[in-house]
Amino acid sequence: MAGQPKVIIVLVEGDTELHLFQKMKLSNLISVKTIIKRNLWQESIKSYAITIPNKSEVLIVFDSDEINQSVRFIENVKYLKSRGHKVHLLQQTKNFEEEIAWCCGKKVPKLISEFCPKKTSGVKDFKRDFIACSNPITKILGLGMQEAKWFSRDLHAALESVVSMKLQFSKHFRLSK
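Predicted model only: the values in this text are computed from it and were never measured. (Residues numbered from 1 in each chain as written. Predicted model: local features only at pLDDT ≥ 70, side-chain atom pairs only at ≥ 80, totals over all residues. Heavy atoms only, no water.)

Visitor: What's the story with the overall build of the protein in this structure? I'm lost.
Guide: Check the secondary structure of the protein and you find seven helices and four strands. Its helices and strands in sequence order give the protein the pattern β-α-β-α-β-α-β-α-α-α-α, from N to C terminus. Since a compact globule built from 177 residues should have a radius of gyration of about 16 Å, the 16 Å found for the protein is in line with a globular shape. C-alpha extents for the protein along the principal axes are approximately 50 × 40 × 25 Å. Here the protein, with 177 residues, has 47% of them falling under the buried criterion. When contacts within the protein are restricted to residue pairs at least 6 apart in sequence, long-range pairs at least 24 apart make up 73% of them. On the protein, roughly 9300 Å² of surface is accessible, and the fraction owed to carbon and sulfur atoms is 49%. Taking the 29 positively charged and 18 negatively charged side chains of the protein as two groups, their mean positions are separated by 6 Å. (Helix = DSSP H or I, 4+ residues; strand = E, 2+ residues; numbered from the N terminus. Rg over C-alpha atoms; globule rule 2.2 N^0.38 Å. Buried < 20%, exposed > 50% of the residue type's maximum accessible area, 1.4 Å probe, protein only. Contact = heavy atoms within 4.5 Å. Areas by Shrake-Rupley, 256 points an atom, 1.4 Å probe, with all protein chains shown as cover. Lys, Arg positive; Asp, Glu negative; His and termini not counted. Charge placed at Lys NZ, Arg CZ, Asp CG, Glu CD.)

What follows is the structure, encoded as structure tokens:
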């Protein structure tokens, strides 16, 4: 008897992550049911959790630059787990642009200047240009993105109680076919 198909839900914190994961889904690089923007540091997942199909895999992509609400974040993660979901944590050390820069072996200002040369001057401009980019996967791979590095660093110390849920991106997905 075959098992039920795995339903994968990706929760992302920001618009840049949402754009990138949507492009990955459209390019058939990831096989997920849906990608939802939710900030588990700032909001409770309880009202949304009832819409997640039973026994789903929930991948949580999050920043670690502002961890002052770690209690809420951990409660949200544990609540999802208590509902029978398999929860995976994909931490961006600091934030999206720092994580991508690190995976490309660059400093953030260099990443910004190379992503949109002569156009982008700062982080806000980079985020705007990244979201407007029709081929962000090709661009970050062209900048030297090493996908094995993505989400590979240790979780923030404030998340020690959920460290067993940490997942590296390369264990689940690929950026190229």
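Visitor: It is not clear to me how the environment of L155 should be interpreted in this structure. Could you clarify?
Guide: Residue placement: L155 occurs in the segment after α7 (136-142). Taking the C-alpha atoms as reference points, L155 and K166, separated by 11 residues in sequence, lie 7.2 Å from one another. Every residue in contact with L155, bar those within four places of it in the chain, is listed here: F62, L89, Q91, V162, V163 and K166.

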